[in-house]
Amino acid sequence: MIRLRAALFACAALVAAPALGASPDPKDLAVAPEELSKARELVRRLGSESYRDREEATNALAKMGRLARQVLAEAASAETDPEIRTRALRLLPKSEADDLQARIETFLADKDSKFEHNLPGLKTFRATLGTSAGARALYVDILKSPYNLDMLAAMDRGPVEGGRAVSDRRNTLYSDMIQRNVGRVSARTTPPKQPALADIAAVLLAETVIPYDAIPKATIQWQQVSGVLLFNQNASIMAINGSGAHADVYKVLAGRWLATRNDPQDLSQLVYQLGNGNLRNFPETLPLLRRIVVQDNVQGYAKGQALNFLVQQRGKEEAAFLKAVMRNEVRVGDYPEAFKKGENPDKLVSVGAETMVTQVWFQRNLNGGAADIHTVTVRDVAFAFTITQAGLNMKDFGFETAPHQSFTPTPAGFGQYAFTSEEKRQSAFVKFGWWQMKEGIKKRGVILPSLRDR
């Protein structure tokens, strides 16, 4: 890891000023057999009994640069002679840096993206965003930071190393955003630094392929650091709103990232952004709002807000989903994008309809005294929207507001209304069931006899 990090730092500056005349074809980087043979002979001499011979071999391997990388890597991992292994380990970082530098030069020369390149995170990047000129430009900007390269290289090695690297990168970016005093006594401070769009994009890209439970969580100054926190920074918001050189590509990445959000804490934070601004127009937003409602361990208030935004955007088209929430039973096949891939479409899932959205305090005595505390659940909120969509008054179905207040509540005002007892809640659902039955009979043209006719 240390060797690779040294190589990445050595190559980051190259991106801003690529070498001229490099071939765009990675096959041209193949090391000739005679060079490999030369490197193996020099590695053998690293174990010579003559100090001068060992030093000459060391200097010659250093001059070979990337041409000796493969042989040095083999010696560093498998050589039994401690002298050879130690010298190979010492030479390997520079050789790896030269090799990475050559691969970056080749990628930069391939301006039409005709070839496959072995670079950190590039395979995932292209699978996610394609090979357009805009996508390539964003990747080039990502390459300019050795920290991004380090993280993407770890991502390529799997979710364990990748998850730790993502957590470290997020923490570093957030720490840069905070103004801090430096030293024990000094008044010198480090000014806050906003993350660049390329840095945010690198983190979001890694989060699309690394499961959230493989990324260690961290809290800095009482703030939980996550991709959502970076997603809400200025550079990201401006790109989502269509401003900046990488806006179009970044919006595609943002959509891919949104589609993969499953962490309950991420979902609890994201809901407040999904109902506002240009994110409302993302095709991933509606499925994600439903996922917030149905997934366990998401905060109840976030679930209520998700229902609110769904109704704002879709109106009566969400009636079936609202009724499924009221039943506390959602069929996976009806909303597959709200669940994990591979779930049985006929599976009926409990959505936590009894989860508390908020508590409401009703002050009965205006002169003071203890207030009555009532709980508003996810089912209550879904019921309130359903009643309102039917053109009915919430108060007619048992919802109450604070005493001495005569206004008519609205479903989105979670802190304004509540059922004051479980009996009233159950009676309200029964009453609405009867109302639905009567409406259904009317639509079929059946006339019920009145009590007078009996």
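Residues numbered from 1 in each chain as written. Predicted model: local features only at pLDDT ≥ 70, side-chain atom pairs only at ≥ 80, totals over all residues. Heavy atoms only, no water.

### Description of the overall build of the chain
Piece 1. Secondary structure assignment for the chain yields 19 helices and eight strands.
Piece 2. Burial status across the chain gives 46% buried among its 454 residues.
Piece 3. Excluding contacts between residues fewer than 6 apart, the proportion of contacts in the chain whose partners are at least 24 apart in sequence is 63%.
Piece 4. Total accessible area computed for the chain in this model is approximately 23,300 Å², and 51% of it derives from carbon and sulfur atoms. (Helix = DSSP H or I, 4+ residues; strand = E, 2+ residues; numbered from the N terminus. Buried < 20%, exposed > 50% of the residue type's maximum accessible area, 1.4 Å probe, protein only. Contact = heavy atoms within 4.5 Å. Areas by Shrake-Rupley, 256 points an atom, 1.4 Å probe, with all protein chains shown as cover.)

### Comments concerning the nonpolar core
Note that soluble globular proteins tend to have their nonpolar side chains buried in a common cluster.
Piece 1. Counting 103 residues, the largest nonpolar core has Phe231, Tyr250, Leu258, Ile292, Leu307 and Phe383 as the members making the most contacts within it.
Piece 2. For this core, the leading source of residues is helix H10 (residues 197-209), giving nine residues.
Piece 3. The residues contacting leucine 258, other than those within four sequence positions of it, are Phe231, Leu270, Leu274, Leu279, Phe282, Glu284, Leu288 and Arg291.
Piece 4. Of all hydrophobic cores here, the second largest spans 17 residues; its members include Val43, Met64, Val71 and Leu91. (Core = buried A, V, L, I, M, F, W, Y, C linked by side-chain atoms within 4.5 Å.)

### Some remarks on the environment of valine 294
Piece 1. Structurally, valine 294 can be placed in helix H15 (residues 285-294).
Piece 2. Judged by relative accessible area, valine 294 falls into the buried class, the value being 5%.
Piece 3. In this structure, the C-alpha to C-alpha distance between valine 294 and alanine 338, residues 44 residues apart in sequence, is 7.4 Å.

### Focus on unusual backbone geometry
Piece 1. In this structure, serine 113 is a non-glycine residue whose phi angle is positive, near 55°.
Piece 2. Structurally, serine 113 is set in the loop between helix H5 (82-109) and helix H6 (122-129).
Piece 3. The phi torsion at asparagine 297 lies on the positive side, around 70°, for a residue other than glycine.
Piece 4. Examined against the element boundaries, asparagine 297 turns out to sit in the loop between H15 and helix H16 (300-314).

### Looking at the side chain of threonine 285
Piece 1. Looking at the element boundaries, threonine 285 is found in helix H15.
Piece 2. For threonine 285, a relative accessible area of 0% puts it in the buried group.
Piece 3. A distance of 2.5 Å separates a polar atom in the side chain of threonine 285 from the backbone oxygen of leucine 279. (Polar contact = N/O pair within 3.5 Å; in protein donor to acceptor, adjacent residues only side chain to side chain.)

### Quick word on the packing of helix H9 (residues 159-176) against H10
Piece 1. Where H9 contacts H10, the axes come no closer than 10 Å and their chain directions differ by 150°. Classified by the interaxial angle, the pair formed by H9 and H10 is roughly antiparallel. Pair H9 / H10 crosses with left-handed handedness. When H9 is examined against H10, the residues Val166, Arg169, Arg170 and Leu173 are found in contact with a partner set consisting of Asp199, Val203, Ala206 and Glu207. (Axes fitted to C-alpha atoms, helices over the stretch in contact; angles between N-to-C directions. Parallel < 35°, antiparallel > 145°, perpendicular 65-115°, else oblique. Left-handed = near helix turned anticlockwise from the far one by under 90°.)

### Examining the environment of phenylalanine 429
Piece 1. Its location among the elements puts phenylalanine 429 in helix H19 (residues 422-443).
Piece 2. As a C-alpha pair, phenylalanine 429 and methionine 326 span 103 residues in sequence and 9.3 Å in three-dimensional space.
Piece 3. Apart from the residues lying within four places of it in its own chain, the contact partners of phenylalanine 429 are Met326, Arg379 and Phe383.

### A few points about a positive patch on the surface
Piece 1. Residues Lys316, Lys323, Arg327 and Lys443 make up a contiguous surface patch of positive charge.
Piece 2. Structurally, arginine 327 is set in helix H17 (residues 319-327).
Piece 3. Judged by its relative accessible area of 53%, arginine 327 is exposed. (Patch = residues over 30% accessible without salt bridge, like charges linked within 9 Å, V, L, I, M, F, W, Y side chains within 5 Å. Salt bridge = Lys/Arg side-chain N within 4 Å of Asp/Glu carboxyl O. Lys, Arg positive; Asp, Glu negative; His and termini not counted. Charge placed at Lys NZ, Arg CZ, Asp CG, Glu CD.)

### What to know about the pattern of salt bridges
Piece 1. Per the stated rule, a full pass over the model turns up 28 salt bridges.
Piece 2. The salt bridge partner of arginine 45 is glutamate 56, with a shortest N-O separation of 3.4 Å. One end of the pair, arginine 45, is in helix H2 (residues 33-45); the other, glutamate 56, is in helix H3 (residues 51-64), and eleven residues separate them in sequence.
Piece 3. For glutamate 56, a relative accessible area of 44% corresponds to the partly exposed category.
Piece 4. A single network of salt bridges, built from pairs that share partners, joins Arg54, Glu55, Glu83 and Arg87.

### Focus: helix H18 (residues 378-389)
A turn of α-helix holds 3.6 residues, and therefore any two residues three or four places apart point the same way.
Piece 1. The first and last C-alpha atoms of H18 sit 17 Å apart over twelve residues, in line with the 16 Å expected at 1.5 Å per residue.
Piece 2. Most of H18 is tucked away, with eleven of its twelve residues classed as buried.
Piece 3. Burial in H18 covers these residues: Val378, Arg379, Asp380, Val381, Ala382, Phe383, Ala384, Phe385, Thr386, Ile387 and Gln389.
Piece 4. Close packing links the buried residues of H18 with H16, H17, strand S7 (356-362), strand S8 (372-377) and H19. (Expected span 1.5 Å × (residues − 1).)

### Side note on the packing of aromatic side chains
Piece 1. Scanning all chains against the criterion turns up 13 aromatic pairs.
Piece 2. A centroid spacing of 5.2 Å and a plane angle of 55° characterise the contact between phenylalanine 125 and tyrosine 139, whose relative ring orientation is tilted. Of this pair, phenylalanine 125 sits in helix H6 while tyrosine 139 sits in helix H7 (residues 133-143), placing them 14 residues apart in sequence. Each member of the pair, phenylalanine 125 together with tyrosine 139, is buried.
Piece 3. Plain terms: the ring middles of phenylalanine 321 and tyrosine 335 are 5.0 Å apart, the flat faces sit at 75° to each other, and that makes the pair edge-to-face. With a gap of 14 residues between them, phenylalanine 321 in helix H17 and tyrosine 335 in the loop between strand S5 (330-331) and strand S6 (348-349) connect regions that are remote in the sequence. Comparing phenylalanine 321 with tyrosine 335 shows no difference in burial state: the two are buried. (Phe/Tyr/Trp six-rings, centres within 6.5 Å; stacked < 30°, edge-to-face > 60°.)

These figures capture arrangement, not role.
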